[in-house]
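Coordinate analysis (summary)
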Amino acid sequence: MDLTYTEEERDFRARLREWLGKTLPELPAKPSPDDWPARRAYDLGWQRCLYDAGYAGLHWPVDAGGRGATPTQHLIFLEETERAGAPYVGANFVGLLHAGPTIAAEGTAEQRARWLPPVLRGDEVWCQGFSEPDAGSDLAALRTRAVRDGDAYVVTGSKIWTSHAEIADWCELLVRTDPGAPKHRGISWLAMPMDAPGVTVRPLRTLAGSAEFAEVFLDEVRIPVANRVGAQNDGWRVTMVTLSFERGTAFVGEVVACRRTLTGLARAAKANGRWDDPVLRRTLGRLYGEFGALWRLTQWNVSASQRSGGVPGAGGSVFKLAYSHARQELYDAAAEVLGADSLALEEEWVLDRLSSLSYTIAAGTSQIQRNIVAERILGLPKGR
């Protein structure tokens, strides 16, 4: 992996930095975290800005509507937008980082033409309907059933922890289309319109007070067969493509944000006298090294995915496992540095710390990631 920058890449960084400097001051104020319709409008507005400037889907293939940027340009984009304090993808998370790349990799020409442009333009929001109440971390234990009826599937069941379901237009939905097949082989991946009759959304409030997740109940929802991505009963393989994006590239921008947070903690420790504690200094130094290593791992993973056709491999699980634990340690350190101030509800620190607790569960638990690393990278036998 060549870590030096070409003249073209340096020019790309300079032009992006200039655009961000002109664009960000003109954005409207961020809406309240509890106002999801307003947050949807804000996030879609930012996506439209990116689209109009040619930065939407930067690393997506050209034939999927993207710019076909190199992995290095993609990482430069993530670095510069985070450092400039640009809006996060927010409500666009699933569409841009999960469903969109999956459809680009696995969808038909008609599916790509229907669903990818609205994601890139900021016209439509997607949510993820994978997890189920009784399946736990065993995603393949899902029970939501789809019965073929002519040119449609009739779907009945429920999903939980469905991100942004309240404001979504579409859902990437996993269903069981062959209950008699082995559990990993009887699954299909469907695109479900959220306004279809029979869809009921019930918001879930998190520890931080947010309602970004929901339960979704499906009562004989009819979904066109044309909305199936991949072959019937081949949904588990398609899902592994989705999860490889979720674990391999979806969090990379947050590494830059964590490094910025760490720098802010060091400044706060020097200002309030905690810097004199050698144990704390060692902790912050070690975390600085860990996040630096995670960024290099990100560069390696993105480069490797480009060589393999653009789909991240099992190395994304190494990143996700290490990152989720490092993020929790970072906000534990924040509590030490800030003391009682870190408990003030008006402080952003407390919300970020509460959010960090979920990272060892979200996008596949740490236990699942360890199994993937052991079996697919180290070649160890499956556990019994």
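Bear in mind the structure is a predicted one, so any value in this text is a computation, not a measurement. (Residues numbered from 1 in each chain as written. Predicted model: local features only at pLDDT ≥ 70, side-chain atom pairs only at ≥ 80, totals over all residues. Heavy atoms only, no water.)

Regarding the overall build of the protein
Counting secondary structure elements, the protein contains 11 helices and 8 strands. Burial status across the protein gives 50% buried among its 384 residues. When contacts within the protein are restricted to residue pairs at least 6 apart in sequence, those whose partners lie at least 24 apart make up 73%. Carbon and sulfur atoms make up 53% of the accessible area of the protein, which totals about 18200 Å². (Helix = DSSP H or I, 4+ residues; strand = E, 2+ residues; numbered from the N terminus. Buried < 20%, exposed > 50% of the residue type's maximum accessible area, 1.4 Å probe, protein only. Contact = heavy atoms within 4.5 Å. Areas by Shrake-Rupley, 256 points an atom, 1.4 Å probe, with all protein chains shown as cover.)

Observations regarding the nonpolar core
In this structure, Tyr-55, Trp-126, Trp-189 and Phe-291 are the most contacted members of the largest nonpolar core, which totals 63 residues. By residue number, the principal contributor to this core is helix H9 (residues 315-338), which donates 9 residues. For Phe-291, the residues in contact, after removing those within four places along its chain, are Val-255, Cys-258, Arg-259, Leu-262, Tyr-323, Ala-326, Arg-327 and Leu-330. Counting residues in hydrophobic clusters, the runner-up holds 25 residues, among them Ala-165, Val-216, Ile-223 and Val-225. (Core = buried A, V, L, I, M, F, W, Y, C linked by side-chain atoms within 4.5 Å.)

Some words on the packing of aromatic side chains
Overall, the coordinates contain 9 aromatic pairs when judged by the stated rule. Note on Trp-115 and Trp-126: the rings are 6.0 Å apart at their centroids and 85 degrees apart in plane angle, and the pair reads as edge-to-face. One end of the pair, Trp-115, is in helix H5 (residues 109-121); the other, Trp-126, is in strand E1 (residues 126-129), with 11 residues separating them in the sequence. For Trp-126, a relative accessible area of 1% corresponds to the buried category. Between the aromatic rings of Trp-115 and Trp-170, the centroid separation amounts to 5.5 Å while the plane-to-plane angle is 75 degrees, which identifies the pairing as edge-to-face. With a gap of 55 residues between them, Trp-115 in helix H5 and Trp-170 in strand E4 (residues 170-176) connect regions that are remote in the sequence. Residue Trp-115 shares its accessibility class with Trp-170, and that shared class is buried. (Phe/Tyr/Trp six-rings, centres within 6.5 Å; stacked < 30°, edge-to-face > 60°.)

Regarding helix H3 (residues 71-83)
The first and last C-alpha atoms of H3 sit 18 Å apart over 13 residues, in line with the 18 Å expected at 1.5 Å per residue. Pro-71, Gln-73, His-74, Leu-75, Ile-76, Phe-77, Leu-78, Glu-79, Glu-80, Thr-81 and Glu-82 are the residues of H3 that are buried. (Expected span 1.5 Å × (residues − 1).)

Quick look at the packing of helix H1 (residues 7-23) against helix H2 (residues 36-53)
Interhelical geometry of H1 versus H2 gives an angle of 135 degrees and a closest axis separation of 13 Å. On the basis of their axis angle, the class for H1 and H2 is oblique. The chirality of how H1 crosses H2 is right-handed. Every residue of H2 that contacts H1 at Trp-19, Leu-20 and Thr-23 is listed here: Trp-46, Cys-49, Leu-50 and Ala-53. Looking at the contact of H1 with H2 residue by residue, the classes come out as 6 nonpolar, 1 polar and no charged. (Axes fitted to C-alpha atoms, helices over the stretch in contact; angles between N-to-C directions. Parallel < 35°, antiparallel > 145°, perpendicular 65-115°, else oblique. Left-handed = near helix turned anticlockwise from the far one by under 90°. Nonpolar A, V, L, I, M, F, W, Y, C, P; charged D, E, K, R; others polar.)

With respect to the environment of Lys-183
Along the chain, the position of Lys-183 falls in the loop between E4 and strand E5 (187-193). Here the alpha-carbon distance between Lys-183 and Trp-236, two residues 53 residues apart in the chain, equals 9.2 Å. Setting aside residues up to four positions removed in sequence, Lys-183 forms contacts with Asp-138, Ala-140 and Arg-176.

Here we look at H5
Over its 13 residues, H5 runs 18 Å from end to end, which matches the ideal 18 Å to within 8%, given 1.5 Å per residue. The largest bend along H5 measures about 25 degrees and falls at Trp-115, with the proline Pro-117 one to four residues further on. Within H5 the residues assigned to the buried category are Gln-111, Arg-112, Trp-115, Leu-116, Pro-118, Val-119 and Leu-120. Looking at the buried residues of H5, the elements they touch are H2, helix H4 (93-106), E1, E4, E5 and strand E8 (228-229). Following H5 by one or two positions, Gly-122 has its phi on the positive side, about 85 degrees. (Bend = angle between axes of the 7 residues up to and from the residue.)

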